[in-house]
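# Coordinate analysis (summary)
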Amino acid sequence: MMKTYRIGIAFFYHESHSFSPLKTEISDFKNEGYFKGKQIVKAYKGTKTEVGGFLDQLSKEKDIEIVPLLCAAATPSGIVSKEAYMMIEEDMLTSIQQASNLDGILLALHGAMIVEDMFDPEEVLMGKIKSQLSPGTPIATTLDMHANLSEKMMGYTPYHFGFKTYPHTDMYLQGINAARILAEHVRGDASYYSAFRKLPMMPPSINMRTEEGPMKEMIDLAFKMESKEEIANVSVFGGFPYSDIPMAGASVHVIGRNKKAAEDTADFLAKQYWDIREEFIVKLPSAKEGLQLALSLNADKPVVLADISDNPLSCGSGDTTLLLREMIEANVPDSLFGALTDPQSIKACTNAGVNQMVQLNLGGKTSPEFGLPVPVIAKVIALSDGVFCNTGPMNKHLRVDVKGAAHIQVGEVDILLIGRPMSANDPQLFRHIGIEPKNKKILGLKAKNHFRAAFDPLVSKVIYVDAPGVSSNNLLNFNYQNIPENMWPLKSPTYSLH
Ligand SMILES: [Zn+2]
């Protein structure tokens, strides 16, 4: 009889912002995605996520039994509470213990999680998982492009697969790659080495898209290296610059079939990355300047004003008000703003009812230091429970629950209110309540780069605006305490290959 290998699947995902006023609690994970055992298959089978990739690839392998363990994900936000982390860690370790006799584990991590009193929780978690498994049991991970990685974390296994796209549309593919190499390893067919280089730089993410610019140059090089026989995989990590931790910053990881090739490739890529760092810096217009620029374009398709400093997927509260205020004052016909996180105003709209006028104080509740609430008289156009499924390329088919939504009109401006922070990355966020973003002139979006995967075909131009917020492009706005002393672009360190 053919031997069957038992592969565990787990997912623990959070991107934590050191300067966000919001702490991430266990309820944030339970509301977003907390699944055990078979529930994991139900939630992720058929989705274009890392876990969707794990499941699809392993189901194809005749000699593998899938053992779903634990999945916990919360929207990027402030630091994770110690209590929440400990609960998830305990559930994770218990599930591994109960599964027993695992031949390997596939682990989808973000790589930029911070916990109260823990700078490198994913390293701690990997260590504890390793100690639960019999010696030599392999782990393969998928990691976000914005991961802040330490030598220690990367030392537990050579099998790390970072996303190569931003917007992240290859999560599924990296899930497949990780599953494939792990299957090869458990059958005894794999022999790989890894090389890791950490750079003293924290590039802002605004100009990190892989469609154009410096990160495209790096990813093109990564593919070129992977075309060589001795290189199995290359990951280029941008880091998450809002993490005030000693292991913040960009890095490069290479999986090679021989040690020297892996080390040489890592050195080559690290040097290239360092040499082009200045290309990551861009200067953005203010909200007012951005709006004037949008109006001057006379475009035939919508122009996007992206409120990047409050992008919920970069830990924004989704309720800062500067761009909203400018758009309400300009009162341009066919303009749409969304989505503003404001459960209180949704409640007021629900109480008033559809077609009714209602007095609201929009936004500015979680982080009033970035803009006070905007008092308005609004007409309630539509209400919804806030549940929809993504239709765009990123996390396609994944069910999203924004905890209620209201479509309101203030003068000529359509505004979408939602019950919890969510980047406007998928048009279904608007369509599910009857708003067609394609038919608008100006779209003010709480979003950064991810939305472009779905929105680029619908719009004529994207203007990133510099409004106040926790994910501001200007890193000098933050009071770092724990990052290494010499870190570009805050300082001008030197970097030499070792
Ligand atoms: Zn990311």
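Rules used in this analysis
- Residues numbered from 1 in each chain as written.
- Predicted model: local features only at pLDDT ≥ 70, side-chain atom pairs only at ≥ 80, totals over all residues.
- Heavy atoms only, no water.
- Domains from an automatic or database assignment.
- Contact = heavy atoms within 4.5 Å.
- Buried area = accessible area lost by both parts, 1.4 Å probe.
- Salt bridge = Lys/Arg side-chain N within 4 Å of Asp/Glu carboxyl O.
- Helix = DSSP H or I, 4+ residues; strand = E, 2+ residues; numbered from the N terminus.
- Nonpolar A, V, L, I, M, F, W, Y, C, P; charged D, E, K, R; others polar.
- Buried < 20%, exposed > 50% of the residue type's maximum accessible area, 1.4 Å probe, protein only.
- UniProt positions renumbered as here; feature names shortened; annotations may be inferred.
- Axes fitted to C-alpha atoms, helices over the stretch in contact; angles between N-to-C directions.
- Parallel < 35°, antiparallel > 145°, perpendicular 65-115°, else oblique.
- Left-handed = near helix turned anticlockwise from the far one by under 90°.
- Arc of directions from axis to C-beta.
- 1 Å grid on protein atoms, 1.4 Å probe; cavity = no way out; pocket = protein on both sides within 12 Å on 5 of 7 lines; lining within 4 Å.
- Points joined across faces, edges and corners; volume = space filled by probe spheres on them.
- Polar contact = N/O pair within 3.5 Å; in protein donor to acceptor, adjacent residues only side chain to side chain.
- Donors = N, O, S within 2.8 Å, 3.2 Å for Na, K, Ca; no water.
- Core = buried A, V, L, I, M, F, W, Y, C linked by side-chain atoms within 4.5 Å.
- Pairing = 2+ DSSP bridges.

On to the domain arrangement of the protein, then. Along its sequence, the protein is carved into domain 1 (5-280) and domain 2 (287-472). Taking the mean C-alpha position of each, domain 1 and domain 2 sit 31 Å from one another. In this assembly, 29 residues from domain 1 lie in contact with 26 residues from domain 2. Counting the surface lost from both domain 1 and domain 2, the interface buries some 2200 Å², and carbon and sulfur atoms represent 62% of this. When the buried surface of domain 1 facing domain 2 is broken down by residue, Ile206, Arg209 and Tyr242 rank first, second and third, together holding 23% of it. The tally of links between domain 1 and domain 2 comes to 1 salt bridge. Across the pair Glu32 and Arg420 runs a salt bridge whose closest N-O atoms are separated by 2.8 Å. Residue assignment for the side of domain 1 that touches domain 2 shows that the elements contributing at least two residues are strand S2 (16-17), helix H1 (26-32) and helix H2 (38-44). Considered class by class, the residues forming the side of domain 1 that touches domain 2 number 13 nonpolar, 12 polar and 4 charged.

Moving on to the pattern of salt bridges. According to the stated counting rule, one finds 25 salt bridges in the structure shown. Measuring nitrogen to oxygen at the nearest pair gives 3.2 Å for the salt bridge that ties Glu65 to Arg6. With Glu65 in strand S4 (residues 64-73) and Arg6 in strand S1 (residues 5-13), this pair connects stretches of sequence that are 59 residues apart. Note on Glu65: relative accessible area 34%, which makes it partly exposed. Between Asp414 and Lys440 there is a salt bridge, with the nearest N and O atoms lying 2.8 Å from each other.

Along the chain, Ala382 turns up in strand S15 (residues 374-384). Taking the C-alpha atoms as reference points, Ala382 and Asn355, separated by 27 residues in sequence, lie 7.9 Å from one another. Aside from chain neighbours lying at most four places away, what touches Ala382 is Val354, Ala405, Ala406, His407 and Ile433.

The subject of this paragraph is the UniProt feature "domain: Microcystin LR degradation protein MlrC N-terminal" (unreviewed entry) in the protein. Per the UniProt entry, the sites bearing "domain: Microcystin LR degradation protein MlrC N-terminal" (unreviewed entry) are residues 6-294 in this numbering. Measuring from the first to the last C-alpha atom of residues 6-294 gives 55 Å, for a span that is 39% helix and 20% strand.

Judged by how many residues are buried, helix H3 (residues 50-60) sits mostly within the fold: 8 of 11 residues are covered. Inspection of H3 places Glu50, Val51, Gly52, Gly53, Phe54, Leu55, Gln57 and Leu58 among the buried residues, and these make up the whole buried set. Packed against the buried residues of H3 are S1, H2, S4, strand S6 (104-109), strand S7 (139-143) and helix H7 (171-186).

A few words on the packing of helix H4 (residues 82-99) against helix H5 (residues 121-132). It is the contact of H4 with H5, at a shortest axis distance of 10 Å, that shows an interaxial angle of 25 degrees. The pairing of H4 with H5 is recorded here as roughly parallel in orientation. For the crossing formed where H4 meets H5, the hand is right-handed. Residues Tyr85, Glu89, Met92, Leu93, Ile96 and Gln97 of H4 touch H5, and the partners they reach there are Pro121, Val124, Leu125, Lys128, Ile129 and Gln132. Class assignment of the residues belonging to the contact of H4 with H5 gives a composition of 8 nonpolar, 2 polar and 2 charged.

This part takes up helix H10 (residues 287-296). All of the buried residues along H10 are Ala287, Gly290, Leu291 and Ala294. Buried positions in H10, seen along its axis, are confined to an arc of 100 degrees and lie on one side of it. Of the residues in H10, the exposed ones pointing more than 90 degrees away from the buried face are Gln292 and Ser296. Buried positions along H10 lie against strand S12 (303-306), helix H11 (322-330), strand S20 (442-445) and strand S21 (461-464). Asn298 sits one or two residues past H10 and shows a positive phi near 50 degrees.

If you walk through the whole model with that rule in mind, you get 1 cavity of 30 Å³ or more. Computed from the structure, the largest cavity encloses a volume of approximately 40 Å³. Lining of the largest cavity is provided by Ser20, Pro21, Asp310, Cys315, Gly316, Ser317, Thr320, Ser367, Phe370 and Val470. Considered class by class, the residues forming the lining of the largest cavity number 4 nonpolar, 5 polar and 1 charged.

Attention now moves to the environment of Thr47. Here Thr47 is to be found in the loop between H2 and H3. A relative accessible area of 4% means that Thr47 is categorised as buried. Once you skip the residues sitting within four places of it in the chain, Thr47 turns out to touch Gly52, Tyr172, Lys396, His397 and Leu398. Among the polar contacts made by the side chain of Thr47, one reaches the main-chain carbonyl oxygen of Tyr44 at a distance of 2.6 Å. Only 2.8 Å separates the side chain of Thr47 from the side chain of Thr49, close enough to count as a polar contact.

The next thing to look at is the coordination of the zinc ion. Around the zinc ion, the protein contributes the donor atoms Asp144 (OD), Asp144 (OD), His146 (ND1) and His168 (NE2), which lie 2.1 to 2.8 Å from the metal centre. Here the donor residues of the zinc ion share one chain and are spaced in sequence as D-x1-H-x21-H. In this pair, His146 sits in the loop between S7 and helix H6 (151-154) while His168 sits in the loop between strand S8 (160-162) and H7, placing the two residues 22 residues apart along the sequence.

Turning next to the packing of helix H8 (residues 214-226) against helix H9 (residues 259-275). Axis separation between H8 and H9 bottoms out at 10 Å; the angle between their running directions is 165 degrees. Of the possible angle classes, the one that applies to H8 and H9 is roughly antiparallel. Considering the relative orientation of H8 and H9, their crossing is right-handed. Mapping the contact onto sequence places Met215, Met218, Leu221, Ala222 and Met225 in H8 and Thr265, Phe268, Leu269, Gln272 and Tyr273 in H9.

Residues Val51, Leu106, Met215 and Tyr273 are the most contacted members of the largest nonpolar core, which totals 59 residues. With 37 residues, the next largest nonpolar core counts Ala74, Ile88, Leu107 and Met113 among its residues.

Next up on the list: the sheet that holds strand S10 (residues 231-237). One open sheet accounts for 3 strands, arranged S9-S11-S10; its pairing is antiparallel. Edge positions in the open sheet fall to strand S9 (193-198) and S10, since each of these has one partner strand only. Across the sheet, the mean angle separating the axes of adjacent strands is 10 degrees when strand polarity is ignored. Pairing between S9 and strand S11 (residues 251-256): 6 bridges, direction antiparallel. Bridge pairing in S11 places Ser194 opposite Ile255.

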